[in-house]
Amino acid sequence: EMTPMPEEYRNLYREILCKDCSKNSTTLFHVVGMKCGECGSYNTSIEGPFVKKDESGSFVSLTEQELEALFHIALPGMQSREGGEEEEESDVSDQDSDISEEGSESEWLTESEETLDSPQGSDEENNEETENQER
């Protein structure tokens, strides 16, 4: 497993809905993705709370104490901050950013913004003016 789950999460399940086959199933929880038990797709969404299997193999809800304990366990890809909040880890430092101060996003224009700044207007406007002049 490329992203091992903390021990506290390893035997937990979630009910999911598969976006490909439209079937519900209960599958092992994983922070990266959960596999559809029907078709094998990972194109799924969470539909129910955490559950676990009891001694008989039936799914049972977690107690309030078990749920509370989970909220204090950091998941893979998350690092704890002061105050118990979690922050997603980033592989990109501020120094590695591809956007320089000069080339900031505020200087980029969309096509509609370029049209507004352009004295000649859009191609569509120019075509309409040409058609009107030809009549």
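Residues numbered from 1 in each chain as written. Predicted model: local features only at pLDDT ≥ 70, side-chain atom pairs only at ≥ 80, totals over all residues. Heavy atoms only, no water.

Right, let's talk about the overall build of the chain for a bit. Across its full length, the chain carries 3 helices and 7 strands. Counting from the amino terminus, the chain carries its helices and strands in the arrangement β-β-β-β-β-α-β-β-α-α. Considering the chain as a whole, with its 135 residues, one finds that 18% of them fall into the buried category. Considering only contacts in the chain between residues 6 or more positions apart, those separated by 24 or more positions represent 40%. Counting every atom, the chain has about 10900 Å² of accessible surface; 44% of that belongs to carbon and sulfur. (Helix = DSSP H or I, 4+ residues; strand = E, 2+ residues; numbered from the N terminus. Buried < 20%, exposed > 50% of the residue type's maximum accessible area, 1.4 Å probe, protein only. Contact = heavy atoms within 4.5 Å. Areas by Shrake-Rupley, 256 points an atom, 1.4 Å probe, with all protein chains shown as cover.)

The next point concerns the pattern of salt bridges. Taken as a whole, this structure holds 2 salt bridges when the rule is applied. In this structure, Arg-10 and Glu-7 form a salt bridge, with 2.9 Å as the shortest nitrogen-oxygen distance. We classify Arg-10 as partly exposed; its relative accessible area is 42%. Glu-66 serves as the salt-bridge partner of Lys-52, at 2.5 Å between the closest nitrogen and oxygen. Of this pair, Lys-52 sits in strand 4 (residues 51-53) while Glu-66 sits in helix 1 (residues 64-70), placing them 14 residues apart in sequence. (Salt bridge = Lys/Arg side-chain N within 4 Å of Asp/Glu carboxyl O.)

Here the focus is the pairing of strand 1 (residues 12-18). With 5 of 7 residues buried, strand 1 is to be regarded as a mostly interior element. One ladder, built from 2 bridges, connects strand 1 with strand 4; its direction is antiparallel. Looking at the pairing, Tyr-13 lines up with Val-51 of strand 4. Hairpin geometry of strand 1 and strand 2 (residues 24-28) is characterised by an intervening segment of 5 residues between the two adjacent antiparallel strands and by a positive phi of about 60° at Ser-22. Relative to strand 3 (residues 44-46), strand 1 is paired through 3 bridges, and the arrangement is antiparallel. Bridging across to strand 3, Leu-17 finds its partner in Ser-45. (Pairing = 2+ DSSP bridges.)

Listed in full, the 10 residues of the largest apolar core are Met-5, Tyr-9, Leu-12, Ile-16, Phe-29, Met-34, Phe-50, Leu-62, Leu-70 and Leu-75. Every residue in contact with Ile-16, bar those within four places of it in the chain, is listed here: Lys-23, Asn-24, Ser-25, Thr-27, Met-34, Lys-35, Cys-36, Thr-44, Ser-45, Ile-46 and Glu-47. (Core = buried A, V, L, I, M, F, W, Y, C linked by side-chain atoms within 4.5 Å.)

Here we take up the packing of aromatic side chains. For the coordinates displayed, the defined rule picks out 4 aromatic pairs. The interplanar angle of 65° and the centroid separation of 5.9 Å between the aromatic rings of Tyr-9 and Phe-50 together place this pair among those described as edge-to-face. Here Tyr-9, found in the segment before strand 1, pairs with Phe-50, found in the loop between strand 3 and strand 4; they are 41 residues apart in sequence, far enough to count as distant. Here Tyr-9 matches Phe-50 in class, with each residue buried. Ring plane angle 70° and centroid distance 5.0 Å describe the contact between Tyr-13 and Phe-59, whose orientation is recorded as edge-to-face. (Phe/Tyr/Trp six-rings, centres within 6.5 Å; stacked < 30°, edge-to-face > 60°.)

With that settled, the discussion passes to the environment of Lys-19. Its location among the elements puts Lys-19 in the loop between strand 1 and strand 2. The class for Lys-19 is partly exposed, based on a relative accessible area of 48%. Along the backbone, Lys-19 and Cys-36 are 17 residues apart, and their C-alpha atoms lie at a distance of 9.2 Å. Those residues in contact with Lys-19, other than ones at most four positions away along the chain, are Asn-43, Thr-44 and Ser-45.

Let us look at the pairing of strand 2. Pairing geometry for strand 1 and strand 2, over 5 bridges, is antiparallel. By the bridge assignment for strand 2, Glu-15 is matched with Thr-26.

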